[in-house]
Amino acid sequence: MARKSRKAQKEQSTESLIVRSHLATSEGADISDNFDIEATGTHREPRRKKQKTIDGRANTERPGAKKLRGNRGLLSRLTEISLDILLEIFGHLHPRDLLNVSRATKNLRGIILSRSSRGSWIQALKNINGLPDCPDDMSEPTYASLLFENICDICGSRAGYTTEWVLRKRFCSTCRDSEFINMPKLEPLFASNPDYFKFLEMTIPNMYRTGSRHYDSGHIYHLKSLIEVYVVGIEDTSRQWDKCKWIAEIAERHNKRAPHGDDCRLWLKRRAEVRRDVEKKIRTRRHAIIMQKLFDLRWKTEIEKMRRRARHELYRYPHVWEKKELTDRMWNNMRPRLIQFVEEKKRERLELEDKAILQKRYPILRSLRAAYARTVPPNSIIPPAADLDDYRPFRDIINSMLPDQEFKLENFNDAMAGLPEFVRKWHEKKDLELLEIMGAPVLKNNPDYSPLHLATTIFRCSKSVRCHSLSRCFIISYPRVLIHDGASVPMAVKVGRHDDRDSITLYSLDTKWNSQGQIRFSAKGHEAAKVVVSLCGLDPYVATSLDMDNLDPVFFCKICITVSGSRCCMRWREAIFHALYNHDRNSQYNFTLITDDNIQKEVKFRLEKENEPLYWNGNWSSRFICTHCKEKSSFAILLEEHMKNDHGIANATTCDIVPDFDVDSLVTCDYPYDKLAESTHV
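The structure contained in this document is the topic of the report that follows. Source: prediction; values computed, not measured.

### Some words on the sheet that holds strand β10 (residues 591-593)
Working step 1: Taken in spatial order, the four strands line up as β10-β8-β9-β14 in an open sheet, and their pairing is antiparallel. Edge strands, defined here as strands with exactly one partner in the open sheet, are β10 and β14 (669-671). Here the average twist between neighbouring strands, direction ignored, is 40°.
Working step 2: Strand direction decides the pairing type here: strand β8 (residues 554-561) and β10, joined by three bridges, are antiparallel. In the strand pairing of β10, Cys557 is matched with Phe591.

Right, here's the structure in full:
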């Protein structure tokens, strides 16, 4: 055998390397293995080639590196299985899974959607219990997609939740509105053939939709594409044919689908019921496991004390209400949030218990407050009954009382001795709160004097359920604000749910003073009061309410004119309210001070006359107090009867019955404008 040339040997070695490298690659071996190359003499080793993947990209992974899952399809070798075995596997899949597998690769799609795979589809559909058979006018994949997928047949979106079984289609809400037309809009299309319009509802499949309004009973809708075919067939005059027979054939073809559609609806309904039962069982097991874990964390007592509504919120908590079996990882993720939720419900429960305790104490505290009020002058500053719960001697005695023990005032005689000191400290504390509410509008101009006593310090009560008059909402001066009834009740009376019976009584209970923040500083009232005080020639940052009461100025409004040409006259507090309630804008130009002494006396006399019938007969903004027992009533006449029956006083006077300090009478009177003009030179 002739010896080969060195060049031939080199070419043979290179060819052997390429072939073996290809074989090693095809068998899954690494290309960096040692090759047995017969070499005679020295030669240059060929350059190693990088292994390439199926799509042609170079494989840069190091030898022995862990292959990442997902870089190569897990179903890539599925087509290498025998077709008979593959079809047998497909027959045991769920139709929805079979649809998903058909979308994996083109090869799988070609196999699954071929005619030879029809047996697998039929077997997969038979595996579903109670599923109606596939109709003759549909293929098995189309039927499975209609049953188990939410793909809109018009736009392809996955929001096709409306299924029309007679039409064999699914629609999303957008396509349903755009592709269907209701009966009233179809009449113009049949203007040339009105006789065929009456057969439309019996011929073409339709859908009934209820109206979105309570007065809209709904309409029958038809698919536009079917209507177009129907109209074109009726208007076709190119050939003579029996249109009535054609319409009957269309109706018969669509009516055959109706029973199968009813069977599908019934099957889906039963399937949904079964699914709900399964989800309910899963949720029940999940809830039981979570409750047991919370019990192990020593929250059993708190959960048992929860009200029914709170327990329902815990059961419907997003992490508890999931339709999945609970795992340790899920529990570790939800545990901090669940503990936070239970702690919040515990805080709410304690607040309700405190309110319930206060509710039991409240009748006793009211009796104690009434007993203390009889020992002080009328209209004295006394804390609300709810604030007396902070008085420790009262609380200790009430807590020591048995549930059925009768209340006796004698048991509180020792504690009543220290009540004036508690009232004084409470007064000082509320003064600081009022200064904090006021802020800086008047503090900066008068730092040496308490701004609470200024005539320009005006508060208001927002949305109070006990404000009997508008004045009580707009202008409240100091110290009246401390005994204002609206400051010690909730801002709104709430009636609880049926499972929260305590809320009906708890919210009808008086609260502590300004606990809801309803007392606020009135900036508009402050500005109006500055105008009124300035008209009297006083410094609005120095003049107090007592200074204005001693001066007792009278004003008249230049805007309010009666039929006879008279002007409305009033005192300084009524002027502030009048500016806010009647003339909110440009209030500084509305009033004029009456400087003539004679006219002042006449106006004040008329104001007293106007107030006298209101004083004794009562009105919507009046309230009176008995000076002997501090009994309150909206009518002085009723207090007269009270004086006769309870105190033996036949003829009650203004010394026995006084107006409530927390009510403004808002009395005004009319006075001729010509006299006012002469005295004020207006």
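### Focus on the nonpolar core
Working step 1: Membership of the largest hydrophobic core comes to 24 residues, with the highest contact counts inside it found for Phe90, Leu131, Tyr143, Leu147 and Phe148.
Working step 2: At the level of secondary structure, the elements contributing two or more residues to this core comprise α2 (83-90), α3 (95-102), α4 (106-112), α5 (118-126), α6 (140-148) and α11 (257-296).
Working step 3: By residue number, the principal contributor to this core is α6, which donates five residues.
Working step 4: Of all hydrophobic cores here, the second largest spans 22 residues; its members include Ala528, Val533, Met548 and Phe591.

### Describing the packing of α3 against α5
Working step 1: Two numbers describe how α3 lies on α5: the axes approach to 9 Å, and their chain directions differ by 145°. Listed contacts from α5 to Pro95, Leu98 and Leu99 of α3 are Trp121, Ala124 and Leu125.
Working step 2: Grouping the amino acids of the contact of α3 with α5 by side-chain chemistry returns six nonpolar, no polar and no charged.

### Regarding a nonpolar patch on the surface
Working step 1: A contiguous nonpolar patch, built from Ile81, Ile85 and Ile89 and spanning about 240 Å² of accessible area, is present on the exposed surface.
Working step 2: Looking at where Ile85 falls in the secondary structure, it is placed in helix α2.
Working step 3: Under the relative-accessibility criterion, Ile85 is labelled partly exposed at 48%.

### A word on the sheet that holds strand β13 (residues 657-659)
Working step 1: Reading across the sheet, the three strands line up as β12-β11-β13 and stay open at both edges, with antiparallel pairing between neighbours. Each having just a single partner strand, β12 (632-633) and β13 make up the two edges of the open sheet.
Working step 2: Two strands pair when backbone bridges link them, and strand β11 (residues 624-626) and β13 are joined in this way by three bridges, in the antiparallel orientation. Residue pairing for β13: Phe624 is matched across the bridge by Pro659.

### A word on the side chain of Ser488
Working step 1: Residue position: Ser488 is located in the loop between α18 (470-474) and α19 (502-506).
Working step 2: Overall, Ser488 belongs to the buried group, its relative accessible area being 6%.
Working step 3: Within polar-contact distance, the side chain of Ser488 engages the backbone oxygen of Asp485 at 3.2 Å.

### With respect to the pairing of β8
Working step 1: Bridge count for β8 against strand β9 (residues 567-571) is four bridges, and the pairing is antiparallel. Paired with Ile561 across the strands is Arg567, a residue of β9.
Working step 2: Between the antiparallel neighbours β8 and β9 lie five residues, among them Gly565 with a positive phi of about 90°.

### Let's talk about the packing of aromatic side chains
Working step 1: Taken as a whole and assessed by the stated rule, the structure comprises seven aromatic pairs.
Working step 2: For the ring pair Phe148 and Trp267, a centre distance of 6.0 Å and an interplane angle of 90° mean the geometry is edge-to-face. With a gap of 119 residues between them, Phe148 in helix α6 and Trp267 in helix α11 connect regions that are remote in the sequence.
Working step 3: Judged by its relative accessible area of 8%, Trp267 is buried.
Working step 4: Judged by centre distance (5.8 Å) and plane angle (80°), the rings of Phe394 and Phe412 are edge-to-face. Of the two residues, Phe394 is situated in helix α15 (residues 392-400) and Phe412 in the loop between α15 and α16 (413-417); the sequence distance between them amounts to 18 residues. This pair shows no difference in class: Phe394 is buried, exactly as Phe412 is.
Working step 5: Three or more aromatic residues joined by ring pairs make a cluster, and in this case those are Tyr391, Phe394, Phe412 and Phe422.
Working step 6: Between Lys300 and the ring centre of Phe295, over which it is positioned, the NZ or CZ distance is 5.8 Å.

### Topic: the pairing of β9
Working step 1: When you tally the buried positions in β9, you get four out of five residues, the bulk of the element.
Working step 2: Relative to β14, β9 is paired through three bridges, and the arrangement is antiparallel. Looking across to β14, one finds that Cys568 is bridged to Asp670.

### Structural notes on unusual backbone geometry
Working step 1: Cis geometry is found at the peptide bond from Tyr478 to Pro479, where omega equals 10°.
Working step 2: On the secondary structure map, Pro479 appears in the loop between α18 and α19.
Working step 3: A positive phi angle, near 60°, is found at Arg168, a position not held by glycine.
Working step 4: Inspection of the secondary structure puts Arg168 in the loop between β1 (162-164) and β2 (169-171).
Working step 5: Judged by its relative accessible area of 12%, Arg168 falls in the buried class.
Working step 6: The phi angle at Arg298 is positive, at roughly 70°, despite the residue not being glycine.
Working step 7: With respect to the helices and strands, the residue Arg298 is situated in the loop between α11 and α12 (300-305).

Cut-off values and rules
- Numbers given for residues are sequential positions, taken from 1 along each chain in its written order.
- This being a predicted model, a pLDDT of at least 70 is required before a residue's local features are given, and a value of 80 or more before pairs of side-chain atoms are given or counted; all residues contribute to the totals for chains, interfaces and linings.
- Neither water nor hydrogens contribute to the side-chain values; these are computed over all heavy atoms in the structure.
- One bridge is not enough; two strands pair if DSSP finds at least two bridges between them.
- What counts as a helix is a DSSP run of H or I of at least four residues, what counts as a strand is a run of E of at least two, and both are numbered from the N terminus.
- Helix axes are fitted only over the stretch in contact, all axes being lines through C-alpha atoms; the angle between N-to-C directions runs from 0 to 180 degrees.
- Residues belong to a common nonpolar core when they are buried Ala, Val, Leu, Ile, Met, Phe, Trp, Tyr or Cys residues joined through side-chain atoms within 4.5 Å.
- Exposure categories follow from relative accessible area, calculated using a 1.4 Å probe and restricted to protein chains: below 20% of the type maximum is buried, above 50% is exposed, and the middle band is partly exposed.
- Whether two residues are in contact is decided by their heavy atoms, any of which lying within 4.5 Å being enough.
- Under the grouping applied here, Gly and all other residues not named as nonpolar or charged are polar, the nonpolar ones being Ala, Val, Leu, Ile, Met, Phe, Trp, Tyr, Cys and Pro and the charged ones Asp, Glu, Lys and Arg.
- Nonpolar side chains (Val, Leu, Ile, Met, Phe, Trp, Tyr) are joined into patches within 5 Å and like charges within 9 Å, using only residues with over 30% relative accessible area and no salt bridge.
- Computed with the Shrake-Rupley method and a 1.4 Å probe, the accessible areas treat only the protein chains shown as cover for residues.
- Salt-bridge detection follows one rule: a side-chain nitrogen of Lys or Arg within 4 Å of a carboxyl oxygen of Asp or Glu.
- Two N or O atoms count as a polar contact when they lie within 3.5 Å, although within protein this holds only if one can serve as hydrogen donor and the other as acceptor, and sequence-adjacent residues are included solely when both atoms are side-chain atoms.
- Side-chain rings of Phe, Tyr and Trp, where Trp is taken by its six-membered ring, are said to pair if the distance between their centres is within 6.5 Å; with planes under 30 degrees apart they count as stacked, over 60 as edge-to-face, and otherwise as tilted.
- Remark: a charge is flagged as sitting over a ring if the NZ atom of Lys or the CZ atom of Arg is within 6 Å of the ring centre and within 35 degrees of the ring normal.

Everything listed is a geometric property; what it means functionally is a separate question.
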